[in-house]
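# Structural features, examined
Listed below, chain by chain, are the residues.
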Amino acid sequence: MMIPFKKHFSPSRRKVVKWEVLLHDTLFTASLLTTATLLSAAYFLLSRNTTNIAIIYILAIVVIAQNTAGYIPGIVASLFSVTFINLIFTYPFMELNFILDGYPLTFLGMMIISSLTSTLTTHLKEETQISTEREHMLMEAEKEKMRANLLRAISHDLRTPLTGIIGSAAFYLEQGGQMDEARKSQLVKNIAEDAQWLLHMVENLLSVTRINNQTASVQTTTEPLEEVVSSALQQFHKRMPSAKVQVQIPEEFIMLPMDATLIGQVLINLLENAARHSGSSKPSCLSVTTDNAYVWFHIRDYGSGINPDMLDTLFDGYACEPNSSSDSHKGMGIGLSICKTIVNAHHGQIFARNHEDGAEFIFSLPFGEHTYESEINSSDH
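Cut-offs and rules
- Residues numbered from 1 in each chain as written.
- Predicted model: local features only at pLDDT ≥ 70, side-chain atom pairs only at ≥ 80, totals over all residues.
- Heavy atoms only, no water.
- Helix = DSSP H or I, 4+ residues; strand = E, 2+ residues; numbered from the N terminus.
- Buried < 20%, exposed > 50% of the residue type's maximum accessible area, 1.4 Å probe, protein only.
- Contact = heavy atoms within 4.5 Å.
- Areas by Shrake-Rupley, 256 points an atom, 1.4 Å probe, with all protein chains shown as cover.
- Expected span 1.5 Å × (residues − 1).
- Arc of directions from axis to C-beta.
- Core = buried A, V, L, I, M, F, W, Y, C linked by side-chain atoms within 4.5 Å.
- Salt bridge = Lys/Arg side-chain N within 4 Å of Asp/Glu carboxyl O.
- Phe/Tyr/Trp six-rings, centres within 6.5 Å; stacked < 30°, edge-to-face > 60°.
- Pairing = 2+ DSSP bridges.

Looking only at helices and strands, one finds 8 helices and 7 strands in the chain. For the chain, with 381 residues in total, the buried portion stands at 38%. When contacts within the chain are restricted to residue pairs at least 6 apart in sequence, long-range pairs at least 24 apart make up 73% of them. Working note: accessible area of the chain is about 22100 Å², and carbon and sulfur atoms make up 60% of it.

Here we come to helix H6 (residues 225–239). Taking 1.5 Å per residue, 15 residues should reach 21 Å; H6 reaches 22 Å between its end C-alpha atoms and fits that length. When we look at burial in H6, the residues that qualify are Leu225, Val228, Val229, Ala232, Leu233 and Phe236. Axial view of H6: buried residues confined to an arc of 130°, hence all on one face. Facing away from the buried side of H6 by more than 90 degrees, the exposed set consists of Glu226, Glu227, Gln234 and Lys238. Close packing links the buried residues of H6 with strand S1 (221–224), strand S2 (245–248), strand S3 (255–258), helix H7 (260–277), strand S4 (284–290) and strand S5 (294–300).

As a further point, take the nonpolar core. Within the largest apolar cluster, 48 residues are counted, with the highest numbers of intra-cluster contacts made by Phe297, Ile299 and Phe363. Element by element, the count of residues in this core is highest for H7, at 8 residues. The residues contacting Phe297, other than those within four sequence positions of it, are Leu225, Val229, Leu256, Leu267, Ser287, Val288, Phe361, Ile362, Phe363 and Leu365. By size, the runner-up hydrophobic cluster in this structure holds 12 residues, among which are Phe44, Tyr57, Ala60 and Ile64.

Turning to the pattern of salt bridges, a few remarks are in order. Evaluation of the coordinates by the stated rule reveals 5 salt bridges. Across the pair Arg239 and Glu272 runs a salt bridge, and its minimum N-O distance is 3.6 Å. Residue Arg239 is found in helix H6, and its partner Glu272 is found in helix H7; the two are separated by 33 residues along the sequence. Taking the relative accessible area as the measure of exposure, Arg239 reaches 23% and is therefore partly exposed. Residue classification places Glu272 among the buried residues on the basis of a relative accessible area of 3%. Across the pair Glu272 and Arg276 runs a salt bridge whose closest N-O atoms are separated by 4.0 Å. Residue Glu272 and its partner Arg276 are both found in helix H7; the two are separated by 4 residues, about one turn of the helix. One salt-bridge network, held together by shared partners, links Arg239, Glu272 and Arg276.

This paragraph deals with the packing of aromatic side chains. According to the stated counting rule, one finds 6 aromatic pairs in the structure shown. Both rings, one in Trp296 and one in Phe351, keep their centres 6.5 Å apart while their planes meet at 70°; by these two values the pair is edge-to-face. Pair noted here: Trp296 is in strand S5 and Phe351 is in strand S6 (residues 350–355), with a separation of 55 residues, a long-range link. In this pair, the class of Trp296 matches that of Phe351, namely buried. An angle of 5° between the planes, with centres 4.5 Å apart, marks the rings of Phe297 and Phe363 as stacked. Placement of Phe297 in strand S5 and of Phe363 in strand S7 (residues 358–366) is noted, with a sequence separation of 66 residues between them. Given the relative accessible area of 1%, Phe297 is considered buried. For Phe363, a relative accessible area of 0% puts it in the buried group.

Sheet topology places S6 next to S7; 6 bridges connect them, and they run antiparallel. Its bridge partner being in S7, Arg353 is matched across the sheet by Glu360. Between S6 and S7, which pair antiparallel in sequence order, lie 2 residues.

Put into structure tokens, the structure is as follows:
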């Protein structure tokens, strides 16, 4: 697995960045201390009370520590704050006097509180930054794994139909004069089917380009659920006119945020998988259910089911039985991998399971963007 490397800057570029950060921190610290001093002066003039002025400076120090780099700006702000309080707001005014009765202890306490506040705030900010970078690296690693799975699936799923097309075309050219019309028609039919399969895979690959490469998300619009399902069924029946599907959707009108083209592609992929790989002529079933946060899509077939050893890796990009024959329609990998990519980009979930009479693929879409469920309890759906 490849983990993206961090961007490296040239020495001159690093100097520019360093000076930009230093300038920002200096100006920001100066402006916050100036603002705190003006607010303290206004408070002092209105109330003639210096008790709470230290709180104003501590708040300024916290803001400075949160919005600057490193520990130095916060500590420097602490020193200046203690000095300003002594110079401006401690009698005798406008004179530095650190030996007043009780002031050394006050000075020390103020300095410790300010410095600790600055240090803890800066440390928390650094921990947050480290956590964010770690999450970013994990997301990049997951994206690299997804790309590798897609490439592996493509290499398999494109090779078999291409081999079929090349073999059928070569045989037709070499033996065409000696074949009867039925045999010729069968070869042409095989070529057409393999070409149609290739077109379907290209459409799958093109659909991935609609997903934002940086955020692994999609641009969603609120769509009527019934229309999206109906459109997907129409396209599915154009490709597989003889396939039968029973449909069950809620009676209430449901509007759902999604990229309708991509979700339609998911439905088509899963319905085609059910029709091609179930090993049964019984109609598949497409049903939709809802809960408080999600809409759940169930695509169920009534065939031989899925090898239990494959369930955990079914969506990883290569979903072919180890001992199955490699005809042009055996590869499910690229379609299922793309389904997972699309559903994840919608902040949904997708998984598969077996039931008593076959296999069932289930995926969910949230009613609102960024609605998450901590874990899947597949027995509830």
